[in-house]
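Structure at a glance
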Amino acid sequence: MISFTFAPHLAPFNTDLPTFSATKPGFTDFGVGGFIFSILPRHETTNTKTPEAKVLLLQRCLSDSFGGYWEGPGGGLDPATDRTVLEGSAREVLEESGLHISRFVDLVAVEEWARMKLDRLHVVAKFTFLVEVHEAGTSTGDATEGIGEVSGESIQKRWEDGVKLAEREHQAYAWATEDEVREGLEKRGPYRFVNQMGTSLLKGFEMVKHLNSR
């Protein structure tokens, strides 16, 4: 069972897909994604308690298109099974990371592109959200009330270490800092991003910093 909450202004993304699609007549397909951040303490040697955000990145399998590139969890909506954009986002994040979205916080980015596939033009809009996950609300040991119906099994001491990859889609995961993402955009460091992914990730970091400054 997929159970989540969402910020009130995201309600249009929780309407049924036919109704939502009718508001976007120029698109044939929709993609979704969720950026998951972990707020980790900086190294104690820096003598500061300022938290440092890290974002979950997944590395595409070398056998896939853009093999070896990094991205956040996400994929395409399935009109046959996804009742809403948010439900499809929660499904994709679960399938690709093993993490369960608990709350949709905000819309980070909208990407648009067109491509030919099977002699048909697909015009795609992808909606990527800033999300929170049930696992981040749990404590060391057995699953607690914070995780609800998600799992009855024991969890890792650090929830960030509990990512479970979809083997045919991704081959590795990492938690990257804002500086590391920026280096990737500048073609430095270990990360390379597909299309607008790197820019969208930086927008996500800005949102997290704004939320933490309140």
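Now for a quick tour of the structure. The structure presented is a predicted model; accordingly, all values stated were derived computationally and were not measured.

Describing the overall build of the chain
- Broken down by element type, the chain carries 4 helices and 10 strands.
- When the helices and strands of the chain are read in sequence order from the N terminus, they spell out β-α-β-β-β-β-α-β-β-β-β-β-α-α.
- When burial is assessed residue by residue, the chain has 43% of its 214 residues classed as buried.
- Long-range pairs, those at least 24 residues apart, make up 65% of the contacts in the chain between residues at least 6 apart in sequence.
- Accessible area for the chain stands at about 11900 Å²; split by element, carbon and sulfur atoms hold 50% of it.

Here we look at the packing of helix H3 (residues 178–185) against helix H4 (residues 197–212)
- As a packed pair, H3 and H4 sit with axes 9 Å apart at the nearest point and diverge in direction by 155°. With respect to each other, H3 and H4 are oriented roughly antiparallel. When the axes of H3 and H4 are compared, the crossing they make is left-handed. Counted together, Glu 178, Val 181, Arg 182 and Leu 185 of H3 and Gly 198, Thr 199, Leu 201, Leu 202, Phe 205, Glu 206 and Lys 209 of H4 form the full contact between these two elements.

With respect to the nonpolar core
- In this structure, Phe 13, Ile 36, Val 85, Phe 104 and Phe 129 are the most contacted members of the largest nonpolar core, which totals 27 residues.
- Elements represented by at least two residues in this core include exactly helix H1 (17–22), strand S2 (29–41), strand S3 (51–60), helix H2 (85–97), strand S6 (101–117) and strand S7 (120–133).
- When residues of this core are assigned to their parent elements, the largest contribution, 5 residues, is made by S7.
- Contacts of Phe 13, omitting those with residues within four sequence positions, involve Phe 20, Thr 84, Val 85, Leu 86, Leu 107, Phe 127 and Phe 129.
- Core analysis: the second largest hydrophobic core is formed by 20 residues, Phe 37, Ala 53, Leu 57 and Val 208 among them.

A short note on the environment of Ile 39
- Looking at the element boundaries, Ile 39 is found in strand S2.
- Taking C-alpha positions, Ile 39 is 4.4 Å from Ala 53, a pair spaced 14 residues apart along the chain.

Rules used in this analysis
- Residues numbered from 1 in each chain as written.
- Predicted model: local features only at pLDDT ≥ 70, side-chain atom pairs only at ≥ 80, totals over all residues.
- Heavy atoms only, no water.
- Helix = DSSP H or I, 4+ residues; strand = E, 2+ residues; numbered from the N terminus.
- Buried < 20%, exposed > 50% of the residue type's maximum accessible area, 1.4 Å probe, protein only.
- Contact = heavy atoms within 4.5 Å.
- Areas by Shrake-Rupley, 256 points an atom, 1.4 Å probe, with all protein chains shown as cover.
- Axes fitted to C-alpha atoms, helices over the stretch in contact; angles between N-to-C directions.
- Parallel < 35°, antiparallel > 145°, perpendicular 65-115°, else oblique.
- Left-handed = near helix turned anticlockwise from the far one by under 90°.
- Core = buried A, V, L, I, M, F, W, Y, C linked by side-chain atoms within 4.5 Å.

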